Amino acid sequence: MERTVKAKTIRELRAIKDEYENDGGNQGLDYVHLNDPLLSEVDPNRTNYFVNRNSLNPPLGEVDRKTRRKIARIKFSQLIFQATVGVFFATFGLYSVFFSGYDCALEANTVAEDPTYAGSMISNMKWKNAMETMPAYAQLVVGPAGSGKSTYCHMMQQHFQVLGRSCRVVNLDPAAEQYQYEAEVDIRELISIEDVMDDEELRLGPNGGLVFCMEYLTENFEWLKENMDPQEDDYYIIDCPGQIELYTHLDVMKVIVDKLKSWDFRIGAVFLMDSQFLVERGKYISGTMAALSCMTKLEVPHMNIMTKIDVLSPSAREEIDNYTDPSCYERVENATKYTKRYAKLVDSLFRVIDDYSLVNFQPLDSSDEESINYALAIIDTMLQWGEDQDVKVRDEEERDFENEMTDLNLDD
Ligand SMILES: Nc1nc2c(ncn2[C@@H]2O[C@H](COP(=O)(O)OP(=O)(O)OP(=O)(O)O)[C@@H](O)[C@H]2O)c(=O)[nH]1
C-alpha cells in the first residue's frame, strides 16, 4: 500500500519560512534546506525539496519518498565512512601496541629507573630522534685465554685515537693482572678474582672464581650501568675474560649481552683466536668449533679474528691465507699424519664448515695499520655503525691542551 506522504510544497515552505522569520525563529525548521538557491527556480508546487543535511534527525515521515531515499543514501555513506575510519584507527592502534616491536614494558621500566629519560624525550626532540635511531655500540672482545684480547683492545683504542674517533674501553675480566689500555670501567673495582679466591668461605679456584665473579656482575647490573653511563652513539670496546667455558656452555655471558641489549646497545662479538692454533688442520677444526659454539651461544653478530699473525713463519703465513676464504678449505695441507678414521672425521667436519660457510677467520696484523683498518671496517659494518652518524671528533682545543701537557712532562 502506498504510504501517504505529508510533503510540503515549496510555496508552503516559503510561507513557513516567512512566518519563522517574523516569529523570531521560534518555529522548528531544522530539516528544510530553505536557503538552496535552486528552490527559487523550481516549480513552487514541487514537493520533493531537499532536507538540510546539518539536521541530525529529520523527521522522515514528513518528506516524500525520493527525498527519504536520498537521506538514507547519505546516512549509509556516512556510516561506511565512519566504519572505514574506525577500522583504520583500530588496526593502526592494535598494530602499534602488539606487532610493531615497540617494547612498552621496557620503555616503562626505563622511565621508572630514570625519570629524566622521559623529561629529556619531551623537551629535546633531537635527543629523542637520536635515541630512536642511534643506540650505543659495543664490540664484545671474546676468545680463549691468551688469544690477545687485552692487546687487541689497546690496539683498537690507539687506532681510534689516530682516526679521531671516540671509544670507551671497559674491562670485564676480573682476573686481568694488567692491561695497557685506559679503561673507563673496570670490573675489578666491583669484584676481582683475588677477592673470591682469598675468601675463606668460598674456597674457589681460578676457574670457579671467575665464573663466580661474572655471576656476581649479573647480580649488580646497576653498578655496571652507572659506571658505563651509556649515551647515544657511544662506542664501547669490552674486554672479556678468557675462560672459554663462559662462551661455549655457560649462560652468564649471554645474560650480560642481553642486559646490554636492553640498554639499547648494538653488540657484536669479536672472537679472537691465536693464529698459532689455526695453522694445522686439526687445530683449525677445534678453533672453528669453539668460535661456532660462541657464535650460537651469544646470539649476536659475530666476527672471528686470527691474532699474532706477525709471529707466524713465512710458510705458516702462506698456509694461513687459505683459511681466509672458506671455499679454499680443500687446499689446506694435511700437515700431520692422522689415522685413516681421524682424517675422515676431520675431512667431514671441514666439509660441513665449508658447505654451510659457517666460520671464517680474518687475519689481523697488529703492526699493520691497513690490516687494523680493514678489520675495523668489517666490525663497523657488522655493528651497523652507519655513515650517517656524526663521528665524535675530539675537540681541537682539548687535543692541543693534551699535547701541551705531554710536552711539559717530557721537558720535566
Ligand atoms: N706478537 C704478538 N703478540 C701478541 C699479539 N697480541 C697479543 N700478543 C701477546 O700475547 C700475550 C697475551 O695477550 P693478551 O692481550 O694478554 O691476551 P688475553 O686474551 O687478554 O689474555 P687473558 O686476559 O689471559 O685472557 C701477551 O704477551 C701479548 O703481548 C700480537 O698481535 N702479536
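Everything below is about the structure shown above.
Values in this document were obtained by computation on a predicted structure and should not be read as measured data. (Residues numbered from 1 in each chain as written. Predicted model: local features only at pLDDT ≥ 70, side-chain atom pairs only at ≥ 80, totals over all residues. Heavy atoms only, no water.)

Caption draft 1: View of the site of the ligand. Near the ligand you find 14 residues, and of these G148, K149, S150, T151 and D310 are the closest. Within the backbone of G148, a nitrogen or oxygen atom sits 3.0 Å from an oxygen atom of the ligand. Between the ligand and S150 there is a distance of 2.8 Å, counted from an oxygen atom to a side-chain nitrogen or oxygen. Protein coverage of the free-state accessible area of the ligand, which is 640 Å², stands at 63%. Among the residues forming the shell around the ligand, the class breakdown is 3 nonpolar, 7 polar and 4 charged. (Near = heavy atom within 4 Å. Polar contact = N/O pair within 3.5 Å; in protein donor to acceptor, adjacent residues only side chain to side chain. Areas by Shrake-Rupley, 256 points an atom, 1.4 Å probe, with all protein chains shown as cover. Nonpolar A, V, L, I, M, F, W, Y, C, P; charged D, E, K, R; others polar.)

Caption draft 2: Representation of the pattern of salt bridges within the structure. A complete count under the given rule lists 8 salt bridges for this structure. Between R165 and D380 there is a salt bridge, with the nearest N and O atoms lying 2.8 Å from each other. Here R165, found in the loop between α6 (149–163) and β2 (168–171), pairs with D380, found in helix α15 (residues 369–382); they are 215 residues apart in sequence, far enough to count as distant. Judged on exposure class, the residue R165 and its partner D380 are both buried. (Salt bridge = Lys/Arg side-chain N within 4 Å of Asp/Glu carboxyl O. Helix = DSSP H or I, 4+ residues; strand = E, 2+ residues; numbered from the N terminus. Buried < 20%, exposed > 50% of the residue type's maximum accessible area, 1.4 Å probe, protein only.)

Caption draft 3: Inspection of helix α11 (residues 252–262) at higher detail. Regarding α11, the residues found buried are V252, M253, K254, I256, V257 and L260. In the segment just after α11, D264 is the residue with positive phi, at about 70°.

Caption draft 4: Inspection of the side chain of T288 at higher detail. Mapped onto the elements of the fold, T288 is located in helix α12 (residues 281–298). Judged by its relative accessible area of 0%, T288 is buried. Setting aside anything within four residues of it in sequence, one finds T288 in contact with I353, V359 and F361. (Contact = heavy atoms within 4.5 Å.)

Caption draft 5: How the structure looks around the pairing of β2. What you see with β2 is no split at all: R168 and V170 on one side and V169 and N171 on the other are buried throughout. With 4 bridges connecting them, β2 and strand β4 (residues 235–239) associate as parallel partners. Bridging across to β4, N171 finds its partner in D239. (Pairing = 2+ DSSP bridges.)

Caption draft 6: Layout of the packing of aromatic side chains. Enumeration over the complete set of coordinates arrives at 9 aromatic pairs. Relative to Y235, the ring of Y137 has its centre 6.4 Å away and its plane inclined at 25°; by these criteria the two rings are stacked. Within this pair, whereas Y137 is found in strand β1 (residues 136–142), its partner Y235 is found in strand β4, the two being separated by 98 residues in sequence. Comparing Y137 with Y235, the two get one shared label, buried. An angle of 55° between the planes, with centres 5.3 Å apart, marks the rings of Y236 and F265 as tilted. Of the two residues, Y236 sits in strand β4 while F265 sits in strand β5 (residues 265–274), which places them 29 residues apart along the sequence. These aromatic residues form a ring-pair network of at least three members: Y137, F160, Y235 and W385. Across the ring face of Y235, the terminal group of R165 is positioned such that the distance to the ring centre comes to 5.1 Å. Across from the ring centre of W385, 3.8 Å away, lies the NZ or CZ of R165, which sits over that ring. (Phe/Tyr/Trp six-rings, centres within 6.5 Å; stacked < 30°, edge-to-face > 60°. Lys NZ or Arg CZ within 6 Å of the ring centre and 35° of its normal.)

Caption draft 7: Fine view of the sheet that holds strand β3 (residues 183–186). On the basis of which strands lie adjacent, the open sheet formed by 7 strands has the order β3-β2-β4-β1-β5-β6-β7 and parallel pairing. A strand with exactly one partner marks an edge of an open sheet, and here the two such strands are β3 and β7 (361–363). The sheet shows a mean angle of 30° between the axes of neighbouring strands, direction not considered. Relative to β3, β2 runs parallel, the two being bridged by 3 bridges. Looking at the pairing, V170 lines up with V185 of β3. (Axes fitted to C-alpha atoms, helices over the stretch in contact; angles between N-to-C directions.)

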